[in-house]
Amino acid sequence: MVVTINADLGDVIGPVPRRLFGSLVEHLGRCVYTGLHEPDHPRADANGLRGDVLELARELGVTVVRYPGGNFVSSHRWEDGVGPVGERPTRLDPAWNAVETNEFGLHEFMAWVDAVGAEPMYAVNLGTRGIQEAADVLEYCNHPGGTTLSEQRRANGAQAPFGIRLWCLGNEMDGHWQVGHKTASEYGRLAAETARLMRMIDPAVELVVAGSSASNMPTFGEWERTVLTHTAALVDHISVHAYCQEHDGDAESYLASAVGLDRYLKDTAAIIDRTLADLGLDKSIGIAVDEWNVWDQRHWNEMEQPRLRSAPPVAGGRVIEDTYTVTDAVVVGTLLNCLLRNTDRVTMANLAQLVNVIAPIRSEPGGPAWRQTTFHPFHLVARAARGVSLRTAVTGAPIHTSLHGPVDPVDAAITFDEHTGRAAAFLANRSTNAETEVILSLRGASLEVEEAHSVMAPPGTTRHATNTEHAQPVVPVPLAGVRTAASSDGTTLSVTLPALSW
Ligand code: AHR
């Protein structure tokens, strides 16, 4: 099969925000404990942070880290996680039926995120708490000194303010599972008043109001409209959460998940525009996809969750440690492409999560840390997607899917950085059984190939191949046979993509 892709250096969707390559660290399962933090580990530093995990997080190229949840945040008391470790309380975490020891808290997170070189993004609890506690944690973090809370931070070892700019106003408040779940108008009012006070305390904050937790929520659309009616004048971004999974072995539909995400983003953008117009507000509100990933939720809903709920709560138990396949890696590549194709509206995104829990990085207590299959597309896109994202037009016989109808056989995103003169093309072959020849015409540029990689099933394995503690066969391999030729108005690149590859 032959697929043609056309792009033009002058046909720009939008700049690629560095914040597109964020992630989430939640107090959930072993993300924090024995993930980021394990004082007894041979690679732990003086603060108990695992050096091997830190190195992998740096290599991944993560640019923003959202913390401390997720669902965890909606019953969390931020002050439990500051002050001398030995004096911190141990609490029940109702969101995940766990025990939270608070050995890792705000200061440990800031030390970790600094060491990674990423930007912190902090979520306040609007489930069991409200305006005052949000104001308190902001004052603790960002006020220079001279007040009880800011002096408490200094006494706890941080002389300079943390200067956290990105703040989430709660998490998934539309979800019935959320501790302190609210209706759209209850949440909209609370978020607006919290935002107003937070801006008084620190006018430099950027605020993310919680949108829907999935596109199939019955309240999707109406939730955004109501919440934004209350908050649009006061916030900078609205969140979108999106998790994709394969249903009943339907690989074709799963590989087309980006089509569903694209629709979700465009619908959200339309609701933002309509609400801003209704309010007569001349401003823009970005979309923060502050949780996205592939996640086999059937396993969680049918097996893990009932088991977790019926067992006594423990600290740092194994929860949602999905082992990813080659297929998952290709889907993650297409979801990244979808984010790149929506950079006119998407201002940031967070792969959820970072370590052990539905994560690109896995680690064992006292043992090694390794890269899951999904690590590779994320790492390569975070490294190579620079400058602006270009519009792409794909032509080729469509693949028919039961969930998304006919879809492009090759999923494509292209970026171009005028400062370095480098372009990057990210291509996924959605065919599970046929290689595909791609002819890509890029108008306006004369280019040569610098490097080309592919992520696919290693020889002798299937689309279900995984990386484990013992062996990591799924790695990027050189993609041979990429040719470029000068055309009358630019460059034509041809390449054969192996079946089911990114
Ligand atoms: O990332 C796992 C969970 O998924 C988060 O805690 C929650 O926000 C979402 O439902």
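Please read all numbers here as calculations on a predicted model, not as lab measurements. (Residues numbered from 1 in each chain as written. Predicted model: local features only at pLDDT ≥ 70, side-chain atom pairs only at ≥ 80, totals over all residues.)

A. Structural context of the site of the ligand. Lining the immediate environment of the ligand, one finds Glu26, Gly69, Gly70, Asn71, Asn171, Glu172, Ser213, Glu291, Ala352 and Gln353. Its residues placed into classes, the shell around the ligand shows 1 nonpolar, 6 polar and 3 charged. (Near = placed C-beta within 6 Å. Nonpolar A, V, L, I, M, F, W, Y, C, P; charged D, E, K, R; others polar.)

B. Main features of the sheet that holds strand S2 (residues 12–15). The sheet built from 4 strands is open, its strands ordered S2-S15-S19-S20 with antiparallel pairing. Of all strands in the sheet, those with a lone pairing partner are S2 and strand S20 (422–429), marking the two edges. Mean inter-strand twist for the sheet, computed between neighbouring axes without regard to direction, equals 25°. Looking at chain direction, strand S19 (residues 410–417) and S20 are connected through 8 bridges and run antiparallel. In the strand pairing of S20, Thr415 is matched with Ala424. (Pairing = 2+ DSSP bridges. Helix = DSSP H or I, 4+ residues; strand = E, 2+ residues; numbered from the N terminus. Axes fitted to C-alpha atoms, helices over the stretch in contact; angles between N-to-C directions.)

C. How the structure looks around the domain arrangement of the protein. Domain boundaries assigned for the protein yield domain 1 (2–389) and domain 2 (390–497). The C-alpha-based centres of domain 1 and domain 2 are spaced at 28 Å. The interface of domain 1 with domain 2 comprises 52 residues on the first partner and 54 residues on the second. Within the residue set of the side of domain 1 that touches domain 2, elements represented by two or more residues are strand S1 (2–8), S2, helix H7 (251–255), helix H8 (257–279), helix H10 (326–341), strand S14 (369–371), helix H11 (375–384) and strand S15 (388–390). The element that contributes the greatest number of residues to the side of domain 1 that touches domain 2 is H10, accounting for 10 residues. A per-class count over the side of domain 1 that touches domain 2 returns 27 nonpolar, 17 polar and 8 charged. (Domains from an automatic or database assignment. Contact = placed C-beta atoms within 7 Å.)

D. Structural view of the nonpolar core. Within the largest apolar cluster, 148 residues are counted, with the highest numbers of intra-cluster contacts made by Trp167, Leu169, Leu335, Leu354 and Ile361. Viewed by domain, this core spans two of them, domain 1 (2–389) and domain 2 (390–497), each represented by three or more residues. Setting aside chain neighbours within four positions, we find Leu354 in contact with Ser23, Leu24, Val25, Cys31, Ala57, Val62, Val65, Ala359 and Ile361. (Core = buried A, V, L, I, M, F, W, Y, C linked by C-beta atoms within 7 Å. Buried ≥ 20, exposed ≤ 12 C-beta atoms within 10 Å, placed from the backbone.)

E. Here's a closer look at the confidence of the model for the protein. In the predicted model, the protein carries a mean pLDDT of 97, and 100% of its residues have values of at least 70. Across the interfaces of the predicted complex, the ipTM metric reaches 0.99, alongside a pTM of 0.97. (pLDDT = per-residue confidence, 0-100.)

F. Seen up close, the environment of Ala428. Within the secondary structure, Ala428 is located in strand S20. Classification of Ala428 as buried rests on a count of 28 C-beta atoms within 10 Å. Linking Ala428 and Ala352, residues 76 residues apart in sequence, is a C-alpha distance of 21 Å. Filtering out sequence-adjacent residues up to four positions away, Ala428 remains in contact with Val330, Gly333, Thr334, Asn337, Val410, Asp411 and Trp502.

G. Region of the structure containing unusual backbone geometry. In this structure, Gly70 follows Gly69 across a cis peptide bond, with omega equal to 20°. Positionally, Gly70 belongs in the loop between strand S4 (64–67) and strand S5 (91–93). With an omega of 5°, the peptide bond between Ala352 and Gln353 qualifies as cis. Inspection of the secondary structure assignment puts Gln353 in the loop between strand S12 (346–352) and strand S13 (361–363). A positive phi angle, close to 50°, is found at Ile320, a residue other than glycine. Along the chain, the position of Ile320 falls in the loop between helix H9 (297–310) and H10.

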